[in-house]
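Spelled out, the chains give:
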Amino acid sequence: MKVISIVGARPQFVKAAPLSKKLREKFTEVLVHTGQHYDPNMSEVFFKELEIPEPDYNLGVGSGSHGEQTGKMLIEIEKVLTKEKPDLVLVYGDTNSTIAGSLAAAKLHIKVAHVEAGARSFNRLLPEEINRVVTDHLSDLLFCPTETAVKNLEKEGITSGVFKTGDVMYDAVLQFSKIAKQKSKILEKLQLETGSYLYATVHRAENTDNPKNLRSIIEAFSRSGEKIVFSVHPRTRKMLKEIELPPLPNVMMIDPVGYLDNLVLEENARKILTDSGGMQKEAYFLKVPCITMRNETEWVETVKDGWNVLVGADKEKIQKAIEQFKPNDKQSNHFGDGNASGKIAAILNE
Ligand code: UD1
Ligand code: UDP
């Protein structure tokens, strides 16, 4: 069987790493990188560190408005699919690369498999929600990370081809956290002690494109007085230049780091502050309390279990959570057994 996997953005490289390895044991995989993320620290570093094979195609689409970026991807992906004639197209998560891949394949009557199917925030103002809903409705095989995801699909009438496999991001954390501990020198480089800092990332459109929200988040960081290591996504870097910043002597802004450094920064932080989907889950897997600067989350289990709290972009709520949020002692196992990629490969084989 020939599978075309489509990736393009940072979290998709992480998700593809464990699965690509499993797929290549039994199938021919052709890897397509749309070029949505292209800075070396947003793309290349993940291929190197996670030993993901070189993409067979890099479509070089780059940045743009939603229509422009998705449209260019659609044109280029269609050419690849027409030439390669795969049996299946595999897409990951919820980015514009995901919707472009699933739409191009479905229109050519090629079967679509969606990894991380069924995740929902129930907020259609978020571009990710539109990408997920459309992709799920176009997919023949839907690999759900959690029971909640299976139920979300059921409510939309999707019951056939649905499999609860667990989360490939959990596979990645289990596979790479030991390697990260051995290889990463990031704590020494930034002169950080375990537990002496909070680790932050912000990149969602609702927080970066809205200057009020971005300013509110940064003011909360400033007022907390805590040492905050802030990995700044290029989108956020651009928007920060456009707002007036408060003094930030306690905030260490760094460029995005590779996955191994990121795991180490997460694991050794006292708390994680983020609006990232992947980071909420990784905080949970690594048992680090998470403060999520969004009003809703797809990863409701992390909140229900008491390891994640939703604070939106509200300055007071962020500050209060920085001071007071304490996680529960226990966690339940919602995200599988760390072999989601093995299960997905086995299902495809059948
Ligand atoms: C995208 C996804 C989002 C995901 C995130 C992961 C969509 C709609 N959004 O958001 O769901 O959480 O990736 O990080 O697909 N830029 C660079 N260099 C890069 C990449 C981006 O400078 O390598 C800058 C450009 O100014 C670009 C902006 O970041 O316009 C946004 O990039 P884009 O890929 O459109 O969206 P993300 O915010 O990264
Ligand atoms: N990540 C990383 N370096 C960073 C910030 C994040 O390697 O500086 C990783 C993180 O470990 C996770 C993934 O990027 O696996 C999450 O991607 P992102 O937050 O960009 O997107 P989202 O998950 O919100 O779609």
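In the annotation of an unreviewed UniProt entry, the chain is listed under the name UDP-N-acetylglucosamine 2-epimerase and assigned to Candidatus Sungbacteria bacterium RIFCSPLOWO2_01_FULL_47_10. The heading Sequence similarities (unreviewed entry) in the UniProt record of the chain holds the text "Belongs to the UDP-N-acetylglucosamine 2-epimerase family."

Novice: Which residues make up the sheet that holds strand 12 (residues 290-292), and what values do they have?
Specialist: Strand order in the open sheet formed by six strands is 10-9-8-11-12-13, and the pairing between neighbours is parallel. Strands at the two margins of the open sheet, each flanked by one partner only, are strand 10 (251-254) and strand 13 (308-310). Across the sheet, the mean angle separating the axes of adjacent strands is 20 degrees when strand polarity is ignored. Pairing analysis gives three bridges linking strand 12 to strand 13, with the strands arranged parallel. The partner of Thr292 across the bridge, within strand 13, is Leu310.

Novice: Which residues make up the site of ligand 2, and what values do they have?
Specialist: Around ligand 2 there are 20 residues in total, and Ser231, Val257, Ser276, Gly278 and Glu282 lie nearest to it. Between ligand 2 and Arg204, the relevant distance is 3.2 Å, taken from an oxygen atom to a side-chain nitrogen or oxygen of the residue. Within the side chain of Ser276, an N or O atom sits 2.7 Å from an oxygen atom of ligand 2. For ligand 2, the protein covers 97% of the area, taking 530 Å² as the surface of the free molecule. Elements with a minimum of two residues in the shell around ligand 2: helix 1 (10-26), helix 12 (259-267) and helix 13 (277-285).

Novice: I'd like to hear about the site of ligand 1, residue by residue, with values.
Specialist: Residues in close proximity to ligand 1 total 19 residues, the closest being His37, Asn96, Glu128, His203 and Arg235. At 2.6 Å from an oxygen atom of ligand 1 is found a side-chain nitrogen or oxygen belonging to Glu128. Within the contact set of ligand 1, an oxygen atom lies 3.1 Å away from a side-chain nitrogen or oxygen of His233. For ligand 1, whose free accessible area comes to 740 Å², the fraction covered by protein is 89%. Of all the secondary-structure elements, those providing two or more residues to the shell around ligand 1 are helix 3 (66-84) and helix 11 (234-240). Considering each element in turn, the shell around ligand 1 owes the most residues, three residues, to helix 11. In the shell around ligand 1, the residues fall into five nonpolar, nine polar and five charged.

Parameters and conventions
Residues numbered from 1 in each chain as written. Chains lettered and ligands numbered in written order. Predicted model: local features only at pLDDT ≥ 70, side-chain atom pairs only at ≥ 80, totals over all residues. Heavy atoms only, no water. UniProt positions renumbered as here; feature names shortened; annotations may be inferred. Pairing = 2+ DSSP bridges. Helix = DSSP H or I, 4+ residues; strand = E, 2+ residues; numbered from the N terminus. Axes fitted to C-alpha atoms, helices over the stretch in contact; angles between N-to-C directions. Near = heavy atom within 4 Å. Polar contact = N/O pair within 3.5 Å; in protein donor to acceptor, adjacent residues only side chain to side chain. Areas by Shrake-Rupley, 256 points an atom, 1.4 Å probe, with all protein chains shown as cover. Nonpolar A, V, L, I, M, F, W, Y, C, P; charged D, E, K, R; others polar.

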